[in-house]
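Listed here are the chains, written in short residue letters.
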Amino acid sequence: MTVGVEHYVLLSMALFAIGLFGILTRRNALMFLMSVELMLNAANINLIAFAFYHGNLSGQVFALFTMALAAAEVAVGLGIILLLYRNFRDVDVTVPTTMRW
Amino acid sequence: MALLELPAWTTLAPALLLALTALVLFIIDSISPDAQNSGLLAGTTAAGSLASLGVAVWYLLAGVGTPTVDGGRGIIDVLGDQFVVDQLALFFMIIVAVVTALVAVASYDYMEDHTYQAEYYSLVLLAATGMSFMAAANSLVTIFIALELASLPSYALVSILKDNRGSVEGGLKYFLIGALSSAIFVYGISLVYGATGHLQLENIAAVIEAGEADPYGGLLGLGILMLIGGFAFKTASVPFHFWAPEAYEGAPAPISAFLSSASKAAGFVIAFRVFTEAFPVAETASAIGVDWTLAFIILAIVTMTLGNFAAATQNNVKRMLAYSSIGHAGYALIGLAGISAGGGELVMGAAMMHLFVYGFMNTGAFLFVALAEYWGVGRTFEDYNGLGRRAPVACFALAIFMFSLAGIPPLGGFWSKYFLFTGALEAGLIVVAAALVINSALSLYYYSRLVKAVWIEEPVTERDGLSQPVGLYAAIVVAAVMTLALLPLFGPVADTAVDAATAMLA
């Protein structure tokens, strides 16, 4: 049997939902970053599957851009998490609450 | 005019000049990494952004981007239509450049003791480059890349005070919500691409108009909903507004000014462009079953109400301004809520005018907070008591900003709100217009509370004389003068905004 585009979309939606679940439940900032990566990669699966489905390359090229941007985002994010650890001695995102309203 | 002989990419000069200035700062810093020449660095940043401003104004006056039927030089496509330079793009490039220049001048004093000066100014310029490119981006690819170019330096800028817990906490929250919303945004892009097979805005519109979009049903609507999520983050509106109070309060005050004015305006320009170019109201409604303006009507009312009510309960001045900035995002969202199949030029133009005026008055207000932090007077309303006697010029400017933000006639903030109000009525959005009036009335309470604190209340503690930092004073006075100068200049600004909106909706 052939794998239709709808299977890819189901896979990517499942991956997106797993990432979103991780963001909503995890308290560790690094796990949060990994969950965001899952969501971005879900979008990449979609882009590549749809590029194949529509027969044009713009989706594939955009997926490459997304990967590069995800890497840049992680670099900035790790820098901020490092600062978080230095200032609060923890990478738990629920610890910094100096500005609760 | 020699302009016609210039190649098309030179029309992106306002954005390219900002990028070039950032590179110049890197060179200056690599020549003498240990020197703390903040005057040179701030001066270069301000000069670069003023050059960008000058070129953008010149292009706008010379008719670049104005449709040829209106006597202009035509809308210019760059890099195979990935970017488009029209009146809308130039209008928002002007806002970004103005705010960047004011922030650079104010940072000269505010950041004078900071260890990483060159990094600070180059990050500001790189974020401004991203915002400027957002104004011209014409495909979902360039929109996403420009948006990330604006966001990534902003995360670093918010948390640049590395030993300050508030700054790090604000930066962390900004980053976490930003990363989440950009993941949602890019997933929305992938769904729109799946439904239409294109990433270029006009091509998406062509597929939707031909009725060929969305062979599976539901993907396009879900994709549009996720795109709205991405815009909501960038413009600090509901449902992705949680970061704004924390990030604005924790960040260095000039960066709060930068993010709440320039970054918000840039978020709105991509929302305007995507929703007017790629998703024509009537055809999209028949493809997905719902009119997308409905989403913006709800978001506008919820955002402005939430922002204003939360601002009214704050005791901390910077936090009050942060929530008021959410409220103003709600006002500008009316510009998208009022678009309909045959109209909406006035209301969209009014939203652009509001963002333009807001660029001066809100930047000025946050820069006053920067000045107060520079003096070290404290953060609450009580701490600001009696400042008017010590620093009358800055406090007079503050009164102008506050009354303009509240929308007291005849200041600029009144006129843009008036046009938003009439535009909303014209579009038949009576509930939205009523919410605008009620919220403006409420906002007068907390804005005038600050004016009362600085001018009427007795100081809690006796102060010595306050210093007068040159850069901060200059930036605040320029912002105040421009807020006042918009009284006679409001006509041309309004005409340009409505022309740009008409060209987009045509």
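Here, residues in each chain are numbered from 1, in the same order as that chain's written sequence. To label them, take the chains in the order written and letter them from A, then take the ligands in the order written and number them from 1. Only residues with pLDDT of at least 70 are given local features in this predicted model, and only at 80 or more are side-chain atom pairs given and counted; all residues enter the totals for whole chains, interfaces and linings. Only heavy atoms go into the side-chain values, all of them from the structure, while hydrogens and water stay out.

Section: the packing of helix 8 (residues 219-234) of chain B against helix 11 (residues 281-288) of chain B
All names here are of chain B. Axis lines are fitted to C-alpha atoms, over the contacting stretch for helices. Their N-to-C directions set the angle, which ranges from 0 to 180 degrees. Elements are defined by DSSP. Helices are runs of H or I of four residues or more, strands are runs of E of two residues or more, and each kind is numbered from the N terminus. Closest axis-to-axis distance for the helix 8/helix 11 pair is 8 Å, and the angle between their directions is 120 degrees. One finds that helix 8 runs oblique with respect to helix 11. Where helix 8 crosses over helix 11, the handedness of that crossing is left-handed. Taken together, the residues of helix 11 that come into contact with helix 8 (itself represented by L220, G221 and I224) are T284, A287 and I288. In the contact of helix 8 with helix 11, the residues fall into four nonpolar, two polar and no charged. Any angle that falls under 35 degrees is termed roughly parallel, while one over 145 is termed roughly antiparallel, one within 65 to 115 roughly perpendicular, and all others oblique. For any pair of crossing helices, the crossing counts as left-handed if the nearer helix is rotated counterclockwise from the farther one by less than a right angle, and right-handed if it is rotated clockwise. In what follows, a contact means two residues having at least one pair of non-hydrogen atoms within 4.5 Å. Just so you know the grouping, Ala, Val, Leu, Ile, Met, Phe, Trp, Tyr, Cys and Pro go in nonpolar, Asp, Glu, Lys and Arg go in charged, and all remaining residues, Gly too, go in polar.

Some points on the UniProt feature "transmembrane region" (unreviewed entry) in chain A
Residue and element names in this part refer to chain A. Mapped onto the present numbering, the UniProt feature "transmembrane region" (unreviewed entry) falls at residues 6-24, 36-55 and 61-85. Between the first and last C-alpha atoms of residues 36-55 the distance is 28 Å; the span itself is 95% helix and 0% strand. In residues 61-85, the share of helix is 100% and the share of strand is 0%. The end C-alpha atoms are 36 Å apart. UniProt positions are given in the numbering used here, feature names are shortened, and annotations may be inferred rather than shown by experiment.

Observations concerning the packing of helix 6 (residues 165-196) of chain B against helix 9 (residues 243-250) of chain B
All names here are of chain B. The geometry of helix 6 relative to helix 9 is characterised by a closest axis approach of 7 Å and an angle of 145 degrees between their N-to-C directions. In the crossing of helix 6 with helix 9, the sense of the turn from one axis to the other is left-handed. For the pair helix 6 and helix 9, contact is made by G166, S167, E169, G170, K173, Y174 and I177 and by W243, E246, A247 and G250, respectively. Split by residue class, the contact of helix 6 with helix 9 holds four nonpolar, four polar and three charged.

Considering the packing of aromatic side chains
Here is the rule: rings of Phe, Tyr and Trp (six-membered ring for Trp) pair when centre to centre is within 6.5 Å. Planes less than 30 degrees apart are stacked, more than 60 are edge-to-face, and the remainder are tilted. For the structure shown, the criterion picks out 31 aromatic pairs over all chains. Ring geometry for F83 of chain B against F133 of chain B: centres 5.3 Å apart, planes inclined by 45 degrees, an arrangement best described as tilted. Of this pair, F83 of chain B sits in strand 2 (residues 83-85) while F133 of chain B sits in helix 4 (residues 117-136), and the two are 50 residues apart along the sequence. The burial state of F83 of chain B is the same as that of F133 of chain B; both residues are buried. Considering the side-chain rings of F419 of chain B and F490 of chain B, the 6.2 Å spacing of their centres and the 5 degrees angle between planes classify their relative orientation as stacked. Taken together, the residues F419 of chain B in helix 17 (residues 412-426) and F490 of chain B in helix 19 (residues 470-505) connect sequence positions 71 residues apart. The class for F419 of chain B is partly exposed, based on a relative accessible area of 22%. In this structure an aromatic cluster arises from ring pairing among F62 of chain A together with F144, F185, F231, F275, F279, W292 and F296 of chain B. We call a charge positioned over a ring when the NZ of a Lys or the CZ of an Arg lies within 6 Å of the ring centre and within 35 degrees of the ring normal. Here the basic side chain of R449 of chain B rests over the ring of F381 of chain B, its NZ or CZ set 4.0 Å away from the ring centre. Buried residues are those whose accessible area, probed at 1.4 Å on protein chains only, stays under 20% of the maximum for their type, while exposed residues exceed 50% and partly exposed ones sit between those limits.

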